[in-house]
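Observations on the model geometry
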Amino acid sequence: MSNTTFSALADPNRLRILDLLANGLLSVGEIAKRLQLRQPQASKHLRVLLEAGPVKVEAESNRRNYKLRIEPLKELDTWLEGYRQIWNERYDNLELYLKQLQEMPKNHQN
């Protein structure tokens, strides 16, 4: 997983673009309109996403449609899996501790 992907996803507008593209192909104009951005701003964000990998462009006549690429997001998910396991273990330990506290007689809790 590259730092480029993290950098690209650090911007809220780029995350919003990914959310839009999760529903299908969109042109830069459609993206700009839905996010209430100027077209040059949307183009700049799309260029960053293209370079980082989670977005690709498909030409259709004179129109360029942007599409979500799932592979870089799968890499991110794989990287995050190790952290999910750590947090799940911590939550499980916390749950056990809380159960132990609940099972203690009232006079031992103080």
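Each chain carries its own residue numbering, running from 1 in the written order of its sequence. Note on the predicted model: pLDDT of at least 70 is required for a residue's local features to be given, and 80 or more for side-chain atom pairs to be given and counted; whole-chain, interface and lining totals, by contrast, use all residues. Excluding hydrogens and water, the side-chain values take into account all heavy atoms of the structure.

- With an unreviewed UniProt entry as reference, the protein is termed Metalloregulator ArsR/SmtB family transcription factor, source organism Paenibacillus glycinis.

A few points about the overall build of the protein
- By definition, any uninterrupted DSSP run of H or I lasting at least four residues is a helix, any uninterrupted run of E lasting at least two residues is a strand, and each is numbered from the N terminus. Along the backbone of the protein there are five helices and three strands.
- Listed N to C, the secondary structure of the protein is α-α-β-α-α-β-β-α in terms of helices and strands.
- This radius of gyration counts C-alpha atoms alone. The globule rule is 2.2 Å times how many residues there are, raised to the power 0.38. Over its C-alpha trace the protein gives a radius of gyration of 22 Å, far above what one expects of a compact globule, namely 13 Å for 110 residues.
- Each residue gets one of three labels from its accessible area relative to the maximum for its type: buried under 20%, exposed over 50%, partly exposed in between, using a 1.4 Å probe on protein chains only. Within the span of the protein, comprising 110 residues, buried residues form 25% of the whole.
- Restricting to contacts in the protein with at least 6 residues of sequence separation, those with at least 24 account for 48%.
- A positive count includes Lys and Arg, and a negative count includes Asp and Glu. His and the chain ends are not counted in either. Lysine's charge is taken at NZ, arginine's at CZ, aspartate's at CG and glutamate's at CD. Here the protein contributes 17 positive and 14 negative side-chain charges, whose respective centroids are spaced 9 Å apart. The contact criterion used throughout is that any non-hydrogen atoms of two residues lie within 4.5 Å.

Let's talk about the pairing of strand 3 (residues 63–68)
- With two bridges connecting them, strand 1 (residues 26–27) and strand 3 associate as antiparallel partners. Residue Ser27 lies in a different strand from strand 3, and its bridge partner there is Asn65.
- Any two strands between which DSSP finds at least two bridges are classified as paired. With six bridges connecting them, strand 2 (residues 55–60) and strand 3 associate as antiparallel partners. The residue of strand 3 that forms the bridge with Val57 is Tyr66.
- Hairpin connection of strand 2 to strand 3: two residues between the antiparallel strands, including Ser61 at a positive phi of 60 degrees.

A look at the pattern of salt bridges
- The working definition used for a salt bridge is a side-chain nitrogen of Lys or Arg within 4 Å of a carboxyl oxygen of Asp or Glu. Per the counting criterion, the structure on display carries six salt bridges.
- A salt bridge links Arg84 to Asp77; the nearest nitrogen and oxygen atoms lie 2.5 Å apart.
- Across the pair Arg84 and Glu81 runs a salt bridge whose closest N-O atoms are separated by 2.8 Å. With Arg84 and Glu81 both in helix 5 (residues 71–103) and three residues apart, the pair spans about one turn of that helix.
- The partly exposed category is assigned to Glu81, whose relative accessible area is 34%.

A few points about helix 5
- A helix's residues, less one, multiplied by 1.5 Å, set its expected span. Compared with the 48 Å implied by 1.5 Å per residue over 33 residues, the 47 Å span of helix 5 between its first and last C-alpha is a close match.
- Its maximal kink placed at Glu81, helix 5 deviates by approximately 30 degrees. The angle between axes fitted to the seven-residue stretch ending at a residue and the seven-residue stretch beginning at it gives the bend at that residue.

Focus: the packing of aromatic side chains
- Within 6.5 Å between ring centres, the rings of Phe, Tyr and Trp (the latter by its six-membered ring) count as paired, and their orientation is classed by plane angle as stacked under 30 degrees, edge-to-face over 60, tilted in between. Scanning the entire structure with this criterion turns up three aromatic pairs.
- A centroid spacing of 5.1 Å and a plane angle of 75 degrees characterise the contact between Phe6 and Trp79, whose relative ring orientation is edge-to-face. You can see Phe6 sitting in helix 1 (residues 3–9) and its partner Trp79 sitting in helix 5, a full 73 residues away along the chain.
- Linked through ring pairs, Phe6, Trp79 and Tyr83 together constitute an aromatic cluster.
- Over the face of the ring belonging to Trp87 we find Arg90, whose NZ or CZ atom lies 5.3 Å from the ring centre. Only lysine NZ and arginine CZ atoms are considered, and such an atom sits over a ring when it is within 6 Å of the ring centre and within 35 degrees of the ring normal.

What about unusual backbone geometry?
- The phi torsion at Gln36 lies on the positive side, around 55 degrees, for a residue other than glycine.
- Assignment of secondary structure puts Gln36 in the loop between helix 3 (28–35) and helix 4 (39–52).
- Phi is positive for Ser61, which is not a glycine, with a value near 60 degrees.
- Note that Ser61 resides in the loop between strand 2 and strand 3.
- Residue class for Ser61 comes out exposed when judged on its relative accessible area of 78%.

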